[in-house]
Structures are given as C-alpha cells and as structure tokens.
Amino acid sequence: MPIRDFTSCGSEHLGRKIRVLPQVSSTNDLLKAEAEAVIAKPGELLLAEYQTAGRGRLERSWDSPPGKSLLFSILLRPQITDHSLQLMGLLVSLGIYDVLGEYFKTNETQPEKYQQALRLKWPNDIMVGKRKLCGILSDAGLDRNDEIFVVVGIGLNVNQTTGDFPEELRSTATSIYIMTGREQDRIELFRLLIKNIDRYYTRLMAEGSDWIANTWLKRAGIAGTMVECRNNGEIIQGKCNRIFVDGALELELQDGSVRVIYSGDFA
Ligand code: BTN
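Residues numbered from 1 in each chain as written. Predicted model: local features only at pLDDT ≥ 70, side-chain atom pairs only at ≥ 80, totals over all residues.

Participant: Even after reading the chapter, I still don't get the nonpolar core, so can you show me in this structure?
Facilitator: Proteins that are soluble and globular tend to have nonpolar side chains buried together. In this structure, Leu91, Ile96, Val152, Ile154 and Trp216 are the most contacted members of the largest nonpolar core, which totals 64 residues. In terms of residue count, helix α2 (residues 87-107) provides more of this core than any other element does, 12 residues in total. Both domains that meet at this core, namely domain 1 (3-215) and domain 2 (222-266), each give it at least three residues. If we ignore the near neighbours within four places in the chain, the residues touching leucine 91 are Tyr200, Tyr201, Leu204 and Ile212. (Core = buried A, V, L, I, M, F, W, Y, C linked by C-beta atoms within 7 Å. Buried ≥ 20, exposed ≤ 12 C-beta atoms within 10 Å, placed from the backbone. Helix = DSSP H or I, 4+ residues; strand = E, 2+ residues; numbered from the N terminus. Domains from an automatic or database assignment. Contact = placed C-beta atoms within 7 Å.)

Have a look at this one:
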C-alpha cells in the first residue's frame, strides 16, 4: 500500500484523522496554522512525503528527500497546564524509542546490536550511538478561542542513504537503512509509531503528566551521571539531577551550584 493511502490505524486518541500530502512547507507549520484557526482537531496527524521548509530545533532546517523518511506532526490539546507542554515532546520520544527497540527485535537477527546503541538524548532526540536517528520539534500556541495546543513534529530517518543527508550531517546522522543495510517498510513503522505514542497519550489522559519526566530519565539512563551541554557557545558540565514539569533539565555543577537548562545541545 502506498503511504498516501494510509488513513487510519485504529488508535484511541491520536491519528483518528490522518492526512498524507506529497509536499508541504513544513508539517508543523501547516498543522499549527490549522490549529490556530481551529480547523484541525486534537489527535489529527499530518504526514508529508517531502517538506520544502522543514524545521528543526534551534532555528535549524530539517531536510529529507521525498519518500525516504517519516515526516509527520500531531496536534495535541492535553488538559494540562501550559508549562507542561514541553513534556509532550518527551512523551512522544518515549513512544518512538519503545517502538524502535521492539522493531529491531522483531526484524533484525542481531537486535542487541541496535538496542544497546539506541538512546534518548535530551530534550527530544533519539540516537544510535553518537548519530541522530530521529528529531522532534514541539510548537505550542493559542488558538483563536485562546485554547492552548501543541503540535509535535517528528522526523524519523528511515530509508536514507548517507548521500541523502546534507554533507555537514553525514558524520552525525543515521537512518534505519544505514544501520541495517535493508530497506524498511515505512507504513509498518508508521502504524507502530502511532499506536505506541497513542498508548502513552492515553496514559497521560488517565493519570496526568507527573510520571513523564521520571520515566524519560529512567529510559535515558542519565539521572545522576555527568553530562555536557553546549548552550549559546557556553559548555556546561554537570551531574544530571532531574527534569522539571516544564521539561527543563537540572544540572549540578562541579562547584555545587545548580543550573537549569531550557535548551541546548548535549553530547
Ligand atoms: C530536531 O531538530 O531534532 C527536530 C526535527 C523535527 C523535524 C520534523 S519533520 C516533521 C516536522 N515538520 C517540521 O518542519 N519539523 C518536524
């Protein structure tokens, strides 16, 4: 089945409506504009085969050739306070991380090789060793009725070859194809991703958001370890203490002082 015919996967909250477009500027930008105008409904999902102006974190661009990766955005209107909206990126990254671990287990003969290298990197990256496999960008906003929403955009590198990445990213990015040497079924992956992100979102609806930060920290395995962050040209090293409800990371520096990090690049 071509991905353009994919319309539903029977999930509870997310992806009840799925649109697949051959090309957009950015799935986040389009869904955000529709959310502001109250045209798009919570749980709606927009996937594009190609983005002419895909956006990454920290004003970077996100480029991928047509039909090679999974580029999609989900509109969420969780009933949580506005400062918890950043947790939505962590929630989605948990859902994707789980799926990738399981996917390797089911589809590869040496799953340990990939599972061990798979890791979560704050705030929202999914890495294989030192290379980035998936990026997530959350855009929060207010619609014309003053209701808060968040659009979470996902870029998962699936079937790109090394040459498909811009030259400057070739040593830091990877795709499932590059890792495994095999072309992957994007539809199967997409279906699994929606189902699992939906599972986490359903838990959020039932239990609130208190568990998200701790679950993420546990999966990322960085609580209590030394980490290094580049932030506006500054390098900050510290012990990772915790994640706050607004998604910020608390680091304890060597002199005993504490820094709260809202954005930056981790090693
Ligand atoms: C990052 O910098 O790591 C975040 C990358 C997010 C890319 C995705 S692709 C789908 C969605 N639309 C965008 O313009 N960006 C996100």
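Participant: Help me understand the domain arrangement of the chain, please; the structure alone is not making it clear to me.
Facilitator: A common measure of how large an interface is: the accessible area buried when the components associate. Taken domain by domain, the chain comprises domain 1 (3-215) and domain 2 (222-266). With centres defined by C-alpha atoms, the gap from domain 1 to domain 2 works out at 24 Å. Each side of the interface is counted separately: domain 1 has 12 residues, and domain 2 has 7 residues. Per-element accounting of the side of domain 1 that touches domain 2 gives the leading share, 3 residues, to α2. Tallied by class, the residues present in the side of domain 1 that touches domain 2 amount to 6 nonpolar, 5 polar and 1 charged. (Nonpolar A, V, L, I, M, F, W, Y, C, P; charged D, E, K, R; others polar.)

Participant: When you look at helix α6 (residues 210-220) in this model, what are you seeing that I'm missing?
Facilitator: Helical periodicity: at 3.6 residues per turn, an α-helix aligns residues three or four positions apart in one direction. All of the buried residues along α6 are Ile212, Ala213, Trp216, Leu217 and Ala220. Relative to the axis of α6, the buried residues are bounded by an arc of 125 degrees and lie together on one face. When the buried face of α6 is taken as reference, the exposed residues oriented beyond 90 degrees from it are Asp210, Asn214 and Lys218. Among the structural elements, α2, β4 (118-121) and β9 (234-243) are those in contact with the buried residues of α6. In the stretch just after α6, glycine 221 is the one whose phi turns positive, near 65 degrees. (Arc of directions from axis to C-beta.)

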